Structures are given as C-alpha cells and as structure tokens.
Amino acid sequence: MIDIRDLHVTFDGGVRAVRGVSFAVARGESYGIVGESGSGKSTVLRAICGLAPTSAGHLLIDGKELTSPRSPDFYRRVQMVFQDPYASLHPRHTVDRVLSEPLAIHGFTDHETRIERALTEVGLGPSFRFRYPHQLSGGQRQRVAVARALILEPQVLLLDEPTSALDASIQAEVLNLLDRLRTERGLTYVMVSHDLAVVAHMCDRLLVMQHGQAVEELTRDALRAHQATTPYTQQLLAASEGYKPAPVQ
Amino acid sequence: MTLLTVENLRVTFPTRRGPSEVVRGVTFTLGRERLGIVGESGSGKSQTGRAILGLTPPPGMIAADRLSFDGINLLNASRAEMRSLRGGRMSMVMQDPKFSLNPVMTIGSQIMEALKFHGHSSRSEKKARAIAMLEAVQIRDPERVFRAYPHELSGGMGQRAMIAMMLVTEPDLLIADEPTSALDVTVQIEVLRILDRLVADRGMGLIFISHDMRLVSSFCDRVLVMYAGRVVEELKASELSRAKHPYTQGLLNCLPKLDNDVRPLPTLNRDGAWAL
C-alpha cells in the first residue's frame, strides 16, 4: 500500500536527514521504524505527510506517486498522530473545535454524529467534547489526537512516538487503543519509536535506522529471537534490556 | 553506615483550594549505596530529592521529623550552611542538560565555578581538576569540551559535562533526577556505567530518581516505589519481580516486553485506597 523508494530528505543548510531509505508496507500491516535521536526516523514520516522536503526518491501510495503539495484526497486517506500531546493540540481550542476542523475542511456535514462517535471510539465519550486541552490529562490528550486523526476515517495512520511523552501505565492504555482500532478498522500503521519493546508489541515488521540510513529490516519474530544481523541493532537490543555492569577487562 | 536519614518528610504547596501535600510522610535511610526512587509523574519523587537539598521552590514548605545528612541536621541549617553543603558534599544531577547548564558560560568555567565555591585552589589547579573530571566521565577530548559552550555539545556530552560538574567537588551524596531520560538508550547505558564506577570507587551514596522500572531494577541496589506522595513499597532491586503492592506489580506488568508479550497489555487499575 505504501511504497517508499530511495527517499532522500535534505533541509535548507545542507543537513541530509534521510539518505536513501526504501521500504514497503502492505495494506493492514503495522510497520515500525526504530532509531535514536537524529537518525531521521521522524523525518521519514514527515516526508510521507508532506511536512519535510523530499529531495530525491519516490513516494507511492496504492501505486500512485504522491503529488506535492499533497491533495486533499491524500489527507482523507493518510493521517498523522504526533509525539507530544501537550504541544500538538491548540491550547485555546476545545476538543469539539479540534475535531470539527478536519470535517469542515473536507466538507462533511454530519459533524455532530461523527464527533460523538470518534470520542466514543477512543474511549473518552461525548462528555469530553467541550473541554480544553488543559482540562485533560496526557493520556486523554493523546486520545483526542487519535480521535482527530481518525475522524476522517483514513486508511493509514502515521504514528510518531505516540506514547513517549506518557507514563508507563498510560502508554499501555494508548497502545491497547491503537491495537484495537487497527483490528476493528483494518488500518495500516507506520509507527516511529525509540523503544524496541513498544515496536515489537505493535508492529509486524520494523526498520532500524541510524544516521539517516536504513541499517536493517527485521520481522517481529526475528527481533524477539534476538536475530539481529548488524552490530548496531544488537547494541540497541542489549541496551533495551536495562543496565548491565561493564564486563571486567 | 548511614549517610542520610529522612523521617516523615512532607512537602506542601499552597494552592487556591488550600494546601496541597505532594510528599506525604516519606521515610528512608541511605548508606553508601544506590537507592532508586520510582513512580509516575506527580508521585512526588522529584520533590523528595529537591527537599533533601533544600531546593523546594517557593512557596513550597517542607517539614520532617528528621532530615539529617552525616550527622548534620538539615532542617535547621542556615542558608549559608546549606549553600556550602550543596554542590560540595551533596549535589544533584538534573534531567535535561539543555535547561540545567548555563548557556553563556563555557563548560570549563562552570566546572571551575563549582570548585571556587567549595575549597580554595589556584586557577591552574582548578583547571587540572576540571579536565581530569571530564576525562573521568569519558569525554574523549576534554580540552575541547572544557572550552565549549553547552550548545556546542550533544545531549549525551552535555549530560556527562553536568555529571562532571556535580562530581568535581567529590560529594558524598549525589541525587540524580532522571539523569538519563533525555538520552538515547545506548548513551544512557554509558552514563550509568560512569555513575556506577563513581559510586564504587568513591564510596558515594546515590539516589537515582526515575520513572523507568526496567532501568532502576537493573541499576540500583534498593528501590522505593512512590505513589501519590507516599512510599508504597520498599524492596531490593533484585526482588522487584516479587513485588507485593498492586501498584508496583501493575507498573511492571504494563510495560511491553520483547519476549513473552501479552496482548492487550495489562493496564493499571488504580485503587483509591493506595492514595490514603
């Protein structure tokens, strides 16, 4: 469904954030991108969305090359959930306004029912409709962000570290929500995270990135079995298990 | 040997709806060991660390039955006494080097400033100690980092520079408040190695405040679990998997695990009684 071929992103000033990344995601699949800060993992998502300049390469969805700027039809099908729910919701817009904006842009008329349905689906319920972001907890805000992305009934969700700003117990709730929505609606996910355990939980396959380049692609089972072939992935796997005292030299 | 004794520590902030107690009767002792304090945001773990150093931001108030550091009563210590202890015999590493280093001073002069306040030594002596300390936190080119400004360093380097600054006075007690959460996992492990070695070599007492159960259980000797301003459970880090309190169990279970994954993830059902 999503086909990325040899993507390059170069920002003004010559920073080459992504240097030749290719991957393909099938319909209904959940695909993870893992890497440390500065590896270009978020930039890949932003490039798909049209938020980062593509300097070379091809981005295809359903076999069709994406146009720049992206068409309204693209945003009906592909939506993004951002990392920090404290920064991605307008502080002076109510939940109702946050959710009606995409509906107005895309010419929907049945705002009322769609907003209530979206809020119910993410486990908040209609009573949250007229609250401001500061009246919500971090987990509730991220649920609103998910509801905003889902209200246009897209087929693809791009998830940029959707739980890294949340406490562990809230992270579990949001991950369960995303998992349930994907099963119910047959959504396709591309999820970026620095946490290997989160990606292993959520994704069928994953790509490890370092310095703007793809290091290796693994299936979930290979990751679980610690069958990483490159030293960098092995290092990440070891680090994700927690602290071990240095070997005595 | 007991380095720090905390008995019934309370931290209160006045709010429009009356006083709000964010730390409610925390009691523990610390020897020359690594003690972890874990809890979620708002559990009072950072405020506990700050209160020990007398860094509770005003208008917050602290009260305790006992708060003593190596025989010194911190409750009635004067501001001057606190200042001479803080940064000298006890210091604190903050979470994010971006906000905790002075952006308009070089790393070198910030480290030397710590030495200026605590002890008397010549400029060249101070510089030598600063460089040696930067080497001790495994900075490859200490001369360059000594002359660098914080914005010229990566997150991991900045964090190491901050640890160097806090340790150059050779404190007996180090409070590290989420010292590695802003860092990448591989850098995180390196920074922990440095702290680990310093605790072992210098016989320092370390309070490691973190929300990361996996990290704390693998790094510390003993763990306090905080919830709503109280210590709900205290246990050996190696026995964390045998935790009795439902909150500790819930925190451990809700993490996705690389091997033997459960779907959906168990979520935490908060019991109102835990906060009482």
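Residues numbered from 1 in each chain as written. Chains lettered and ligands numbered in written order. Predicted model: local features only at pLDDT ≥ 70, side-chain atom pairs only at ≥ 80, totals over all residues.

1. Details of the overall build of chain A
Within chain A, the regular secondary structure consists of 10 helices and 10 strands. By the compact-globule yardstick of 18 Å for 249 residues, chain A fits well, its C-alpha radius of gyration being 19 Å. Dimensions of chain A, computed from C-alpha atoms along their principal axes, come out at roughly 65 × 40 × 35 Å. Considering chain A as a whole, with its 249 residues, one finds that 43% of them fall into the buried category. (Helix = DSSP H or I, 4+ residues; strand = E, 2+ residues; numbered from the N terminus. Rg over C-alpha atoms; globule rule 2.2 N^0.38 Å. Buried ≥ 20, exposed ≤ 12 C-beta atoms within 10 Å, placed from the backbone.)

2. A word on the interface of chain B and chain A
Taken together, the 31 residues of chain B in the interface contact 26 residues of chain A. Contributing elements (two or more residues each) for the side of chain B that touches chain A: helix H8 (185-202), helix H9 (213-219) and helix H10 (246-253) of chain B. Of the residues contributing to the side of chain B that touches chain A, the split by class is 14 nonpolar, eight polar and nine charged. (Contact = placed C-beta atoms within 7 Å. Nonpolar A, V, L, I, M, F, W, Y, C, P; charged D, E, K, R; others polar.)

3. Let's talk about helix H6 (residues 138-150) of chain A
Residues and elements named next belong to chain A. Here H6 contains 13 residues, and its C-alpha end-to-end distance of 18 Å stays within 8% of the 18 Å for a straight helix at 1.5 Å per residue. Among the 13 residues of H6, 12 are classified as buried, and the element is accordingly described as predominantly covered. When we look at burial in H6, the residues that qualify are Gly 139, Gln 140, Arg 141, Gln 142, Arg 143, Val 144, Ala 145, Val 146, Ala 147, Arg 148, Ala 149 and Leu 150. Buried-residue contacts for H6 involve strand S6 (78-81), helix H3 (85-88), helix H4 (95-105), helix H5 (111-121), strand S7 (156-160) and helix H7 (168-185). (Expected span 1.5 Å × (residues − 1).)

4. So, the domain arrangement of chain B
All names here are of chain B. Looking at the assigned domains, one finds that chain B contains domain 1 (4-89 + 172-275) and domain 2 (100-170). Each partner contributes to the interface: domain 1 provides 12 residues, whereas domain 2 provides 14 residues. The leading source of residues in the side of domain 1 that touches domain 2 is H8, at six residues. Per-class residue counts for the side of domain 1 that touches domain 2 are eight nonpolar, two polar and two charged. (Domains from an automatic or database assignment.)

5. So, the sheet that holds strand S3 (residues 30-34) of chain A
All names here are of chain A. Sheet architecture is open: six strands sit in the order S6-S7-S8-S3-S9-S10, paired in mixed fashion. The open sheet has two free edges, formed respectively by S6 and strand S10 (213-219), since each of these has just one partner strand. Strand-to-strand twist in this sheet, taken as the mean axis angle between neighbours without regard to direction, amounts to 20°. Relative to S7, S6 is paired through four bridges, and the arrangement is parallel. If you follow Val 78 over to S7, its bridge partner there is Val 156. Sheet strands in contact with helix H10 (residues 231-240) are strand S9 (205-210) and S10, and its direction is about 105° off that of S9. (Pairing = 2+ DSSP bridges. Axes fitted to C-alpha atoms, helices over the stretch in contact; angles between N-to-C directions.)

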